[in-house]
Amino acid sequence: MAYREIAKEQALSLVGHKHACHVMLYAATDAKLFGRIPLKHIVLMQMRFDGLLGFPGGLVNPSKESLESGLSRELREELGMAIDVSPEDHFSSSLSHSGPKLVAHFFTKKMTEAELREAEAAAVTKATDHGLEVMGMVRVPLFSMKNDGGFPSFLSHSFISNSRSQLLSALRVLELVSQEDVEAAVGKADKIRQ
Ligand code: GTP
Ligand code: MN
Ligand code: MN
Ligand code: MN
Ligand code: MN
Ligand code: MN
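Residues numbered from 1 in each chain as written. Chains lettered and ligands numbered in written order. Predicted model: local features only at pLDDT ≥ 70, side-chain atom pairs only at ≥ 80, totals over all residues. Heavy atoms only, no water.

*Asks:* So what's going on with the site of ligand 1? Which residues, and what values?
*Replies:* Among the 18 residues in the neighbourhood of ligand 1, the closest are listed as F55, E78, S161, N162 and Q166. In this structure, F55 approaches ligand 1 through a main-chain N or O atom, which is 2.8 Å from an oxygen atom. Look at ligand 1: alone it shows 630 Å² of surface, and the protein chains cover 77% of it. Among the cavities detected, the one that contains ligand 1 is the largest pocket. For the shell around ligand 1, the secondary-structure elements that each account for two or more residues are β2 (18–28), β7 (57–60), α2 (67–79), β9 (102–111) and α5 (163–173). Per element, the largest residue contribution to the shell around ligand 1 is three residues, and it comes from β7. Looking at the shell around ligand 1, its residues break down into six nonpolar, eight polar and four charged. (Near = heavy atom within 4 Å. Polar contact = N/O pair within 3.5 Å; in protein donor to acceptor, adjacent residues only side chain to side chain. Areas by Shrake-Rupley, 256 points an atom, 1.4 Å probe, with all protein chains shown as cover. 1 Å grid on protein atoms, 1.4 Å probe; cavity = no way out; pocket = protein on both sides within 12 Å on 5 of 7 lines; lining within 4 Å. Sits in = over half its atoms within 2 Å of the grid points. Helix = DSSP H or I, 4+ residues; strand = E, 2+ residues; numbered from the N terminus. Nonpolar A, V, L, I, M, F, W, Y, C, P; charged D, E, K, R; others polar.)

*Asks:* Go over the side chain of S169 with me, naming the residues and quoting the values.
*Replies:* Position of S169 among the secondary structure elements: in helix α5. A distance of 3.4 Å separates a polar atom in the side chain of S169 from the backbone oxygen of Q166.

*Asks:* Requested: an account of the layout of surface pockets, with residues and values cited.
*Replies:* Counted as a void, the largest pocket has a volume near 420 Å³. When contributions to the lining of the largest pocket are tallied by element, the ones reaching two or more residues are β2, β5 (41–48), β7, α2, β9 and α5. For the lining of the largest pocket, the element with the most residues is β7, which contributes three residues. Residues belonging to the lining of the largest pocket are distributed by class as follows: nine nonpolar, nine polar and four charged. Volume-wise, the second largest pocket comes out at about 270 Å³. In terms of residue class, the lining of the second largest pocket is built from eight nonpolar, three polar and three charged. (Points joined across faces, edges and corners; volume = space filled by probe spheres on them.)

*Asks:* Would you mind going over the packing of aromatic side chains in detail, with residue names and values included?
*Replies:* One pass over the full model with this rule turns up three aromatic pairs. Between F55 and F106 the ring centres are 4.9 Å apart and the planes differ by 50 degrees, which places this aromatic pair in the tilted class. Within this pair, whereas F55 is found in the loop between β6 (53–54) and β7, its partner F106 is found in strand β9, the two being separated by 51 residues in sequence. The same class applies to F55 as to F106, namely buried. Aromatic side chains F91 and F106 sit 5.8 Å apart centroid to centroid with 80 degrees between the ring planes, which places their arrangement in the edge-to-face category. One end of the pair, F91, is in strand β8 (residues 90–96); the other, F106, is in strand β9, and 15 residues separate them in sequence. Residue F91 is classed as partly exposed on the basis of its relative accessible area, which comes to 21%. (Phe/Tyr/Trp six-rings, centres within 6.5 Å; stacked < 30°, edge-to-face > 60°. Buried < 20%, exposed > 50% of the residue type's maximum accessible area, 1.4 Å probe, protein only.)

*Asks:* With reference to specific residues and values, describe the coordination of the manganese ion (ligand 6).
*Replies:* Under ideal tetrahedral coordination, the four donors around a metal are separated by 109.5 degrees; under ideal octahedral coordination, the six donors are separated by 90 or 180 degrees. In the first shell of the manganese ion (ligand 6), the protein supplies E133 (OE) and E133 (OE), at 2.6 to 2.7 Å from the metal. A gap of 3.7 Å separates the manganese ion (ligand 6) and the manganese ion (ligand 3). Within the secondary structure, E133 sits in the loop between α3 (113–125) and β10 (134–139). (Donors = N, O, S within 2.8 Å, 3.2 Å for Na, K, Ca; no water.)

*Asks:* Can you lay out the pattern of salt bridges for me, pointing to particular residues and giving the numbers?
*Replies:* Taken as a whole and assessed by the stated rule, the structure comprises seven salt bridges. Close ionic contact of R73 with E77 constitutes a salt bridge, the shortest N to O distance being 3.7 Å. With R73 and E77 both in helix α2 and four residues apart, this pair spans about one turn of that helix. Looking at R73, the relative accessible area reads 26%, which means it is partly exposed. Of the residues examined, E77 reaches a relative accessible area of 27% and is grouped as partly exposed. For E113, the salt bridge identified is with R117, shortest N-O distance 3.6 Å. Placement of both E113 and R117 in helix α3 is noted, with a separation of four residues, approximately one turn of the helix. E113 gets classed as partly exposed once you look at its relative accessible area, which sits at 23%. Several salt bridges share partner residues, and in doing so they unite E65, R73, E74 and E77 into one network. (Salt bridge = Lys/Arg side-chain N within 4 Å of Asp/Glu carboxyl O.)

Structure representation (C-alpha coordinates):
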(Lines give C-alpha, C1' and ligand atoms only; values in the text may rest on other atoms or scores of the structure.)
(Ligands and ions follow the chains in the order given, each with its own letter.)
Protein backbone atom coordinates (compact mmCIF):
# COMPACT_ATOMS: atom_id res chain seq x y z
CA MET A 1 0.00 0.00 0.00
CA ALA A 2 1.31 3.46 -0.89
CA TYR A 3 1.69 6.09 1.79
CA ARG A 4 2.80 9.71 1.84
CA GLU A 5 3.90 11.77 4.84
CA ILE A 6 1.47 14.33 6.19
CA ALA A 7 1.63 16.81 9.12
CA LYS A 8 0.03 15.43 12.29
CA GLU A 9 -2.40 18.39 12.69
CA GLN A 10 -3.47 18.14 9.05
CA ALA A 11 -4.04 14.40 9.46
CA LEU A 12 -6.22 14.99 12.52
CA SER A 13 -8.42 17.44 10.58
CA LEU A 14 -9.29 14.84 7.91
CA VAL A 15 -12.90 13.68 7.87
CA GLY A 16 -13.76 10.00 7.53
CA HIS A 17 -10.27 8.60 8.11
CA LYS A 18 -9.34 5.99 10.68
CA HIS A 19 -6.26 6.61 12.78
CA ALA A 20 -3.70 4.07 13.90
CA CYS A 21 -0.81 4.72 16.30
CA HIS A 22 2.21 2.44 16.60
CA VAL A 23 5.51 2.83 18.43
CA MET A 24 9.08 1.69 18.05
CA LEU A 25 10.43 1.02 21.57
CA TYR A 26 14.21 0.91 21.74
CA ALA A 27 17.09 0.93 24.21
CA ALA A 28 20.86 1.14 24.22
CA THR A 29 22.71 -2.02 25.27
CA ASP A 30 26.26 -3.20 25.98
CA ALA A 31 25.37 -6.79 25.05
CA LYS A 32 27.55 -8.62 22.54
CA LEU A 33 26.36 -11.42 20.25
CA PHE A 34 28.66 -14.48 20.47
CA GLY A 35 30.64 -12.40 22.96
CA ARG A 36 32.08 -10.23 20.18
CA ILE A 37 29.49 -8.42 18.00
CA PRO A 38 28.26 -5.33 19.92
CA LEU A 39 24.48 -5.07 19.49
CA LYS A 40 24.49 -1.36 20.48
CA HIS A 41 20.70 -1.06 20.41
CA ILE A 42 17.63 -3.19 21.06
CA VAL A 43 14.63 -2.43 18.82
CA LEU A 44 11.23 -4.09 19.36
CA MET A 45 8.68 -5.20 16.79
CA GLN A 46 6.03 -7.89 16.99
CA MET A 47 4.87 -10.96 15.08
CA ARG A 48 1.18 -10.31 14.46
CA PHE A 49 -1.69 -12.80 14.33
CA ASP A 50 -1.66 -12.52 10.52
CA GLY A 51 1.98 -13.62 10.25
CA LEU A 52 3.20 -10.12 9.39
CA LEU A 53 5.75 -8.11 11.32
CA GLY A 54 4.64 -4.74 12.71
CA PHE A 55 4.96 -2.44 15.68
CA PRO A 56 2.90 -2.58 18.88
CA GLY A 57 -0.07 -0.20 18.84
CA GLY A 58 -3.42 -0.06 17.09
CA LEU A 59 -6.48 1.90 16.13
CA VAL A 60 -7.28 5.00 18.15
CA ASN A 61 -10.35 7.21 18.16
CA PRO A 62 -9.19 10.86 18.11
CA SER A 63 -12.72 12.11 18.89
CA LYS A 64 -12.64 10.24 22.19
CA GLU A 65 -8.95 10.06 23.17
CA SER A 66 -5.65 11.70 22.34
CA LEU A 67 -3.31 9.81 20.01
CA GLU A 68 -0.94 9.25 22.91
CA SER A 69 -3.52 7.92 25.37
CA GLY A 70 -5.03 5.68 22.67
CA LEU A 71 -1.57 4.33 21.95
CA SER A 72 -0.93 3.73 25.67
CA ARG A 73 -4.22 1.79 25.86
CA GLU A 74 -3.12 -0.41 22.94
CA LEU A 75 0.27 -0.95 24.59
CA ARG A 76 -1.46 -2.15 27.77
CA GLU A 77 -3.36 -4.72 25.68
CA GLU A 78 -0.38 -5.84 23.60
CA LEU A 79 2.51 -5.46 26.06
CA GLY A 80 0.68 -5.95 29.36
CA MET A 81 2.02 -2.81 31.00
CA ALA A 82 1.57 0.96 31.07
CA ILE A 83 4.05 2.75 28.83
CA ASP A 84 3.59 6.50 28.61
CA VAL A 85 4.03 7.96 25.16
CA SER A 86 4.18 11.75 24.88
CA PRO A 87 3.61 14.14 21.93
CA GLU A 88 7.41 14.63 21.78
CA ASP A 89 7.76 10.96 20.86
CA HIS A 90 5.82 11.55 17.60
CA PHE A 91 7.99 10.59 14.61
CA SER A 92 5.76 10.75 11.52
CA SER A 93 2.22 10.53 10.22
CA SER A 94 1.44 8.88 6.89
CA LEU A 95 -1.70 8.88 4.79
CA SER A 96 -2.63 5.86 2.69
CA HIS A 97 -3.63 6.89 -0.80
CA SER A 98 -4.96 3.53 -1.86
CA GLY A 99 -7.17 1.09 0.00
CA PRO A 100 -8.91 2.03 3.25
CA LYS A 101 -8.79 5.64 4.47
CA LEU A 102 -6.20 5.30 7.19
CA VAL A 103 -3.65 7.58 8.80
CA ALA A 104 -0.69 5.77 10.37
CA HIS A 105 0.85 7.79 13.21
CA PHE A 106 4.27 6.57 14.26
CA PHE A 107 6.07 7.21 17.54
CA THR A 108 9.53 6.24 18.79
CA LYS A 109 10.35 5.93 22.47
CA LYS A 110 13.73 5.38 24.06
CA MET A 111 13.74 3.28 27.24
CA THR A 112 16.40 1.82 29.46
CA GLU A 113 17.42 -1.76 28.75
CA ALA A 114 15.80 -2.81 32.07
CA GLU A 115 12.48 -1.14 31.15
CA LEU A 116 12.51 -2.75 27.73
CA ARG A 117 13.18 -6.20 29.23
CA GLU A 118 10.28 -5.62 31.63
CA ALA A 119 8.00 -4.89 28.66
CA GLU A 120 9.16 -8.05 26.86
CA ALA A 121 8.41 -10.14 29.95
CA ALA A 122 5.01 -8.50 30.55
CA ALA A 123 4.10 -9.08 26.88
CA VAL A 124 4.21 -12.83 27.61
CA THR A 125 2.99 -13.00 31.20
CA LYS A 126 0.45 -10.15 31.43
CA ALA A 127 -0.75 -9.00 28.00
CA THR A 128 -4.35 -9.99 27.23
CA ASP A 129 -3.52 -10.06 23.50
CA HIS A 130 -0.63 -12.53 23.86
CA GLY A 131 -1.18 -15.55 21.62
CA LEU A 132 -4.27 -13.89 20.14
CA GLU A 133 -3.66 -10.64 18.23
CA VAL A 134 0.05 -10.76 19.05
CA MET A 135 2.11 -13.94 18.64
CA GLY A 136 5.15 -12.45 20.34
CA MET A 137 7.51 -9.50 20.54
CA VAL A 138 10.70 -9.76 18.49
CA ARG A 139 13.98 -7.91 18.61
CA VAL A 140 15.23 -6.65 15.25
CA PRO A 141 18.73 -7.94 14.38
CA LEU A 142 20.55 -4.73 13.38
CA PHE A 143 23.87 -6.34 12.45
CA SER A 144 24.66 -7.77 9.02
CA MET A 145 26.53 -11.06 8.67
CA LYS A 146 28.54 -12.16 5.62
CA ASN A 147 25.80 -14.56 4.42
CA ASP A 148 23.09 -11.84 4.49
CA GLY A 149 22.03 -13.13 7.91
CA GLY A 150 20.87 -10.62 10.49
CA PHE A 151 19.38 -7.32 9.31
CA PRO A 152 19.13 -8.15 5.54
CA SER A 153 17.38 -11.43 6.25
CA PHE A 154 15.00 -9.75 8.72
CA LEU A 155 14.08 -7.13 6.10
CA SER A 156 13.25 -9.86 3.59
CA HIS A 157 10.23 -10.94 5.68
CA SER A 158 6.70 -9.58 5.20
CA PHE A 159 5.57 -6.43 7.04
CA ILE A 160 2.14 -4.90 7.70
CA SER A 161 1.29 -1.72 5.72
CA ASN A 162 4.22 0.73 5.83
CA SER A 163 5.84 -0.56 9.03
CA ARG A 164 8.98 -1.57 7.12
CA SER A 165 9.46 2.04 5.92
CA GLN A 166 8.71 3.30 9.43
CA LEU A 167 11.45 1.01 10.78
CA LEU A 168 14.00 2.07 8.15
CA SER A 169 13.46 5.81 8.55
CA ALA A 170 13.50 5.65 12.35
CA LEU A 171 16.77 3.66 12.33
CA ARG A 172 18.33 6.24 9.99
CA VAL A 173 17.03 9.40 11.67
CA LEU A 174 17.76 8.21 15.22
CA GLU A 175 21.18 7.07 13.96
CA LEU A 176 20.79 3.52 15.26
CA VAL A 177 22.06 2.25 11.89
CA SER A 178 24.03 4.35 9.39
CA GLN A 179 22.38 5.42 6.15
CA GLU A 180 25.00 3.37 4.29
CA ASP A 181 24.33 0.18 6.29
CA VAL A 182 20.55 0.59 5.89
CA GLU A 183 20.92 0.91 2.11
CA ALA A 184 23.23 -2.11 1.90
CA ALA A 185 20.83 -4.25 3.96
CA VAL A 186 17.81 -3.17 1.87
CA GLY A 187 19.70 -4.09 -1.32
CA LYS A 188 20.52 -7.56 0.01
CA ALA A 189 16.96 -8.05 1.31
CA ASP A 190 15.55 -7.22 -2.14
CA LYS A 191 17.74 -9.96 -3.64
CA ILE A 192 16.63 -12.50 -1.01
CA ARG A 193 12.97 -11.63 -1.73
CA GLN A 194 13.24 -12.31 -5.46
P1 GTP B 1 -7.83 -4.48 16.92
O2 GTP B 1 -7.69 -4.47 18.40
O3 GTP B 1 -8.20 -5.80 16.35
O4 GTP B 1 -8.65 -3.35 16.42
O5 GTP B 1 -6.36 -4.25 16.33
P6 GTP B 1 -5.43 -3.02 16.65
O7 GTP B 1 -6.26 -1.91 17.19
O8 GTP B 1 -4.30 -3.50 17.47
O9 GTP B 1 -4.97 -2.62 15.18
P10 GTP B 1 -3.61 -2.89 14.41
O11 GTP B 1 -2.42 -2.83 15.30
O12 GTP B 1 -3.78 -4.07 13.56
O13 GTP B 1 -3.52 -1.55 13.51
C14 GTP B 1 -4.63 -1.05 12.80
C15 GTP B 1 -4.27 -0.91 11.34
O16 GTP B 1 -3.04 -0.23 11.21
C17 GTP B 1 -4.08 -2.28 10.70
O18 GTP B 1 -5.21 -2.57 9.91
C19 GTP B 1 -2.87 -2.15 9.84
O20 GTP B 1 -3.18 -1.97 8.49
C21 GTP B 1 -2.16 -0.94 10.34
N22 GTP B 1 -0.95 -1.31 11.08
C23 GTP B 1 -0.78 -2.29 11.97
N24 GTP B 1 0.47 -2.29 12.45
C25 GTP B 1 1.10 -1.28 11.84
C26 GTP B 1 2.42 -0.77 11.92
O27 GTP B 1 3.31 -1.23 12.64
N28 GTP B 1 2.69 0.28 11.13
C29 GTP B 1 1.74 0.83 10.30
N30 GTP B 1 2.09 1.86 9.56
N31 GTP B 1 0.51 0.37 10.21
C32 GTP B 1 0.19 -0.66 10.97
MN1 MN C 1 24.08 -20.99 20.72
MN1 MN D 1 -4.45 -4.03 19.56
MN1 MN E 1 -2.16 -3.71 17.22
MN1 MN F 1 -7.53 -2.12 19.08
MN1 MN G 1 -7.79 -5.66 20.01
